[in-house]
Number of protein chains: 2
Amino acid sequence: MAQDITLMWGSGSPPCWRVMIALEEKNLKGYKSIRLSFEKGEHKSKQVMDINPRGQLPAFKIGNKIINESYGACMFLENEFKSQGTKLIPDCPTEQAMVYQRMFEGLTLAQKLGAVVYYSWNVPEDERRDSAIKRNKAALTEEAKLWEGYLAKQCKYLASKDFSMADVLVYPYIAYFFHFGLCEKRYPNLARYYHGLKDRPSIKKTWPPSWVDIPDSKDVMNDV
Amino acid sequence: MAQDITLMWGSGSPPCWRVMIALEEKNLKGYKSIRLSFEKGEHKSKQVMDINPRGQLPAFKIGNKIINESYGACMFLENEFKSQGTKLIPDCPTEQAMVYQRMFEGLTLAQKLGAVVYYSWNVPEDERRDSAIKRNKAALTEEAKLWEGYLAKQCKYLASKDFSMADVLVYPYIAYFFHFGLCEKRYPNLARYYHGLKDRPSIKKTWPPSWVDIPDSKDVMNDV
């Protein structure tokens, strides 16, 4: 089955990374993996646009089915390969409810992270305001504290006693936080979670190669 | 089972509305429905904060399980009541892939709609710029055209030959578009979809009551 799968991805993109983690967790080895460069604009190339007309990565194809939305691709893989590899949506309703809650809260975290990290990218220079940067950082700080609190109540994983879809979807954002310099001392639970999963095979194998090559931008999260 | 379910909601909120549609589709009649007022700040009241510490609606409880994220609540209801009411995630992998794709593309639509409709709410007066309003409207117009195109290829529903989770999650946004004055002549496929589902029992029954009471704000989408 894995030979029917094509994933086009860019290094350091949480949406790409999570699909790679899901593929590993579902034991789908040997899929066609095509690394492209955002810097060179390859996400707007014909080979991407043919699969993903939004010109975004990931671009994901499985057989003749296309699911470019990373949450959707991960959900589809779990459904299609339910009994293969790691079970990512638990059967127990109580655990399942918490997995769904954290999975989708992850989108709020993403939105607040993006507002800080991509501010200069999203907002033209003459519209940028220090007050907006300050407000975005305050919102992100509040969000980071929430997740720090969530992890206090769990030991190793985000939503359940086992690794789950919530970890597949949200771990890349937590790693992103620390990549951009979140203070480990101020967020000890997030740091413990981050380091605790770094060596999990699905995560270690798919770690963004550009994060190894390029020094981290450690100042972005200084005051979060 | 429905008597174990509590939903706190506000009228006109797509996230609240979609949970109500899912409950109807899964034949969960007689749940505890508590309408609250955003205008009066009731989403920050203790009864909400006890369930949803973010102080947002919906606040959703089923037995002792809490899932306030509307996408998560709908997914949970589908999983928990798989063989009851409408099947919202099709078994056929090709249909299922398309349902997941459209479900999560709906989040991009939501984000672009929100940037236009809530601009004055989100951005303090001294930071507002006409250039930003124009850019947000252009992004929303591009997005609306995409969905107009998607619907050209389908007859009645968004992602499959049958009503699916994509409709549960995205229909409230399409209705929102027209509530705020999207031109039916410029978007005939979206308009056909919108009117075609208005009388579906799950949608008719849960139609935002405030949209009936209060005249529409028809100017917001004038130039989309």
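Preceding block: the structure.
Overview of the structure. Since the structure is predicted, the reported quantities are computational estimates derived from the model, not experimental observations.

The next subject is the environment of B:Thr86. Residue and element names in this part refer to chain B. With respect to the element layout, Thr86 can be found in the loop between α3 (70-80) and α4 (93-117). Distance from Thr86 to Glu25, taken between C-alpha atoms, is 5.4 Å for residues 61 residues apart in sequence. Non-local contacts of Thr86, meaning those with residues more than four positions away in its chain, are made with Glu25, Lys26, Glu78, Phe163 and Arg200. Within polar-contact distance, the side chain of Thr86 engages the side chain of Glu25 at 2.5 Å.

We now examine the nonpolar core. A:Phe60, A:Met103, A:Met165, A:Met221, B:Phe60, B:Met103 and B:Met165 are the most contacted members of the largest nonpolar core, which totals 153 residues. If we ignore the near neighbours within four places in the chain, the residues touching B:Met165 are B:Cys74, B:Met75, B:Glu78, B:Leu88, B:Ile89, B:Val99 and B:Met103.

What follows covers helix α1 (residues 14-25) of chain B. All names here are of chain B. If you check α1, its first and last C-alpha atoms are 16 Å apart, about what 12 residues at 1.5 Å a residue would give, namely 16 Å. Among the 12 residues in α1, 11 count as buried, and that is most of the element. Its buried side turned inward, α1 meets β1 (5-10), β3 (59-62), α3, α7 (165-179), α9 (201-206) and α10 (209-213). One or two positions beyond α1, positive phi appears at Asn27, with a value near 60°.

Right, let's get into the relation of the copies chain A and chain B. Each copy superposes on the other: chain A lies on chain B with an RMSD of 0.0 Å after a rotation of 180° and an axial shift of 0.0 Å. Classification of the inter-copy transformation places it as that of a two-fold axis. Of the C-alpha atoms belonging to chain A, the one lying closest to the rotation axis is found on A:Glu127, 4.0 Å away. A shared interface surface links the copies, since 100% of the contact residues of chain A are contact residues in chain B too.

Further remarks concern the sheet that holds strand β3 (residues 59-62) of chain A. All names here are of chain A. One open sheet holds the 4 strands; their spatial order is β2-β1-β3-β4, and the pairing between them is mixed. Looking at which strands have only one partner, the edges of the open sheet turn out to be β2 (32-36) and β4 (65-66). Here β3 pairs with β4 via 2 bridges, running antiparallel. When the sheet's bridge partners are listed, Ile62 is paired in β4 with Lys65.

Below, the discussion takes up the interface of chain A and chain B. Between chain A and chain B, the contact holds 36 residues from the first and 36 residues from the second. With both chains or domains summed, chain A and chain B bury close to 2900 Å², and 53% of this area falls on carbon and sulfur atoms. Interface area lost by chain A to chain B is led by A:Arg54, A:Phe104 and A:Glu127, which between them contribute 22%. In this assembly, chain A and chain B are joined by 6 salt bridges. As a salt-bridge pair, B:Arg135 and A:Glu127 come within 2.8 Å of each other at their nearest N and O atoms. Between chain A and chain B we count 18 residue pairs in polar contact (both at pLDDT 80 or more) in total. Elements with a contribution of two residues or more to the side of chain A that touches chain B: β4, α3 (70-80), α4 (93-117) and α6 (130-152) of chain A. Residue contributions to the side of chain A that touches chain B peak at 11 residues, all from α4(A). The class makeup of the residues in the side of chain A that touches chain B is 16 nonpolar, 10 polar and 10 charged.

Cut-offs used in this document
Residues numbered from 1 in each chain as written. Chains lettered and ligands numbered in written order. Predicted model: local features only at pLDDT ≥ 70, side-chain atom pairs only at ≥ 80, totals over all residues. Heavy atoms only, no water. Helix = DSSP H or I, 4+ residues; strand = E, 2+ residues; numbered from the N terminus. Contact = heavy atoms within 4.5 Å. Polar contact = N/O pair within 3.5 Å; in protein donor to acceptor, adjacent residues only side chain to side chain. Core = buried A, V, L, I, M, F, W, Y, C linked by side-chain atoms within 4.5 Å. Buried < 20%, exposed > 50% of the residue type's maximum accessible area, 1.4 Å probe, protein only. Expected span 1.5 Å × (residues − 1). Least-squares fit on C-alpha atoms with pLDDT ≥ 70 in both. Pairing = 2+ DSSP bridges. Buried area = accessible area lost by both parts, 1.4 Å probe. Salt bridge = Lys/Arg side-chain N within 4 Å of Asp/Glu carboxyl O. Nonpolar A, V, L, I, M, F, W, Y, C, P; charged D, E, K, R; others polar.

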